[in-house]
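Results of the structural survey
Residues per chain, in single letters:
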Amino acid sequence: MISNHKSSFTIHVHASALRQAHLSVAPRNIHLTAATWEGQVAESAEHAFLSDAVLQILEDASTSRLYAYKEADRKRFDFACDIATNWKRAVSGQTLWKHSEGIDKDIRMLLSESESDALVYVARTTMKNKSVLHEAIADYKRAGLTDRLDRLRVFWVPEDFDADSESHRRLVYSDLENSLSRDLLLAVVLGGITERDVASFATWSGICGLSLAVLAQVEASGFGNYTRLGKQIGVGVNPVKERIIRLNLTGFIVHSPDPRKSGTIYEVSPKGYALMDLCGRLAAEREGGNVDSGLKHVCSLLGIDLRKVDLWPFIPEYDAQIDGGSNPRLRRDTSSRLAREINYALARWGVVLPDPHYEIPRLDIS
């Protein structure tokens, strides 16, 4: 029996200036403290909407239970939230709308945030803003600080956005949700997992369920050698070796930085944990039938059709081990193949998938 045990870490997400008044896209009653930054005048409606939207998007997606979300201490910024998952990622951010002269200061403040793995900047699309941002970035490159820029993610918003227009709010929110979901949610919070990663994992040829079984076993007991891992799972060396190589090439497992200390050559990466949590959520939801909107959103980003996942009990005739994946429709269908992988991992290999329930200790910010 393979089991999974994980510890929880905390992610800090910061941005600037929140106001609830102009967010009309399914508000979730986020309770945050409004403030202005560095003594500036009160923020515009557009500034407030954009700042609020960042937190709204992250909170909505947290209903997937792939991570936990909660407001945090604002510190130097105008609002903050914590995100807890299997690994630690810190994200800080600022929002700019009217004050172009503040870009250089914003960027330098963000890049000086040493505890953050990703730095988010939401700004108005104007030539002046882009020029000032380009100069600030160029200064860091000339100073030999390019590594800090790797953490920076800039999200541009149309300069004629009017927060008093409902159609504008909906369109901007939708665009921001799409870009944040891919460049922040998937790339940072969920370990960098992509649609291509899931498609590759789901459509590998060979024994159904073995890829997930090997991943779960590496998480549970580490990896010493192929023979030992094969005996733990109950399969030969060659199939296990093939899976380890594929899992490593796709980044679901990585070399341990200190094998002598950790006792394992490979360990599950953040991307690998995200995949296991996702498979665990899908396995749990097939029993209940009601998939929450957060999980639907994450699945849509990863190219998973939940309707096909729900059909897995009705295609038992397909087995990649028996027919070599000869059915072209199922061979290319990520959703159906992922469903089969999960189903066989549970039934054939006795894998116990995680059912994540991450929590963040309550923080008194009064």
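Please refer to the structure higher up on the page.
Presented here is an overview of the structure given in this document. (Residues numbered from 1 in each chain as written. Predicted model: local features only at pLDDT ≥ 70, side-chain atom pairs only at ≥ 80, totals over all residues. Heavy atoms only, no water.)

So, the side chain of Glu 219
Along the chain, Glu 219 falls in helix 7 (residues 210-221). Among the polar contacts listed, one links the side chain of Glu 219 to the side chain of Tyr 273, at a separation of 3.4 Å. (Helix = DSSP H or I, 4+ residues; strand = E, 2+ residues; numbered from the N terminus. Polar contact = N/O pair within 3.5 Å; in protein donor to acceptor, adjacent residues only side chain to side chain.)

Examining helix 6 (residues 195-202)
Residues of helix 6 that are buried: Asp 197, Val 198, Phe 201 and Ala 202. Along the axis of helix 6, the buried positions cluster into a sector of 120°, meaning they face one direction only. (Buried < 20%, exposed > 50% of the residue type's maximum accessible area, 1.4 Å probe, protein only. Arc of directions from axis to C-beta.)

Structural notes on helix 3 (residues 127-142)
For helix 3, built from 16 residues, the straight-helix expectation of 22 Å at 1.5 Å per residue is met to within 8% by its first-to-last C-alpha distance of 22 Å. The complete set of buried residues in helix 3 reads Asn 129, Leu 133, Ala 136, Ala 138 and Tyr 140. Downstream of helix 3 by one or two residues, Gly 144 has phi in the positive range, about 75°. (Expected span 1.5 Å × (residues − 1).)

Remarks on the packing of aromatic side chains
Counted according to the given criterion, the structure contains 5 aromatic pairs. Note on Phe 201 and Phe 252: the rings are 5.7 Å apart at their centroids and 70° apart in plane angle, and the pair reads as edge-to-face. With a gap of 51 residues between them, Phe 201 in helix 6 and Phe 252 in the loop between helix 9 (237-249) and strand 7 (253-255) connect regions that are remote in the sequence. The residues Phe 201 and Phe 252 share a single accessibility class, namely buried. One aromatic cluster is present, formed by Phe 201, Trp 204 and Phe 252 through successive ring pairs. Lying over the aromatic face of Trp 156, Lys 130 brings its terminal NZ or CZ to 5.3 Å of the ring centre. Lys 271 extends its terminal NZ or CZ atom over the ring of Phe 252, reaching a point 5.9 Å from the ring centre. (Phe/Tyr/Trp six-rings, centres within 6.5 Å; stacked < 30°, edge-to-face > 60°. Lys NZ or Arg CZ within 6 Å of the ring centre and 35° of its normal.)

Focus on the pattern of salt bridges
Under the counting rule described, the total for this entry stands at 8 salt bridges. A salt bridge links Arg 65 to Asp 355; its shortest N-O distance comes to 2.5 Å. Taken together, the positions of Arg 65 in the loop between helix 1 (45-61) and strand 2 (68-71) and Asp 355 in the segment after helix 16 (334-347) put the pair 290 residues apart, joining distant regions of the chain. Here Arg 246 makes a salt bridge to Glu 242, at a shortest N to O gap of 2.8 Å. (Salt bridge = Lys/Arg side-chain N within 4 Å of Asp/Glu carboxyl O.)

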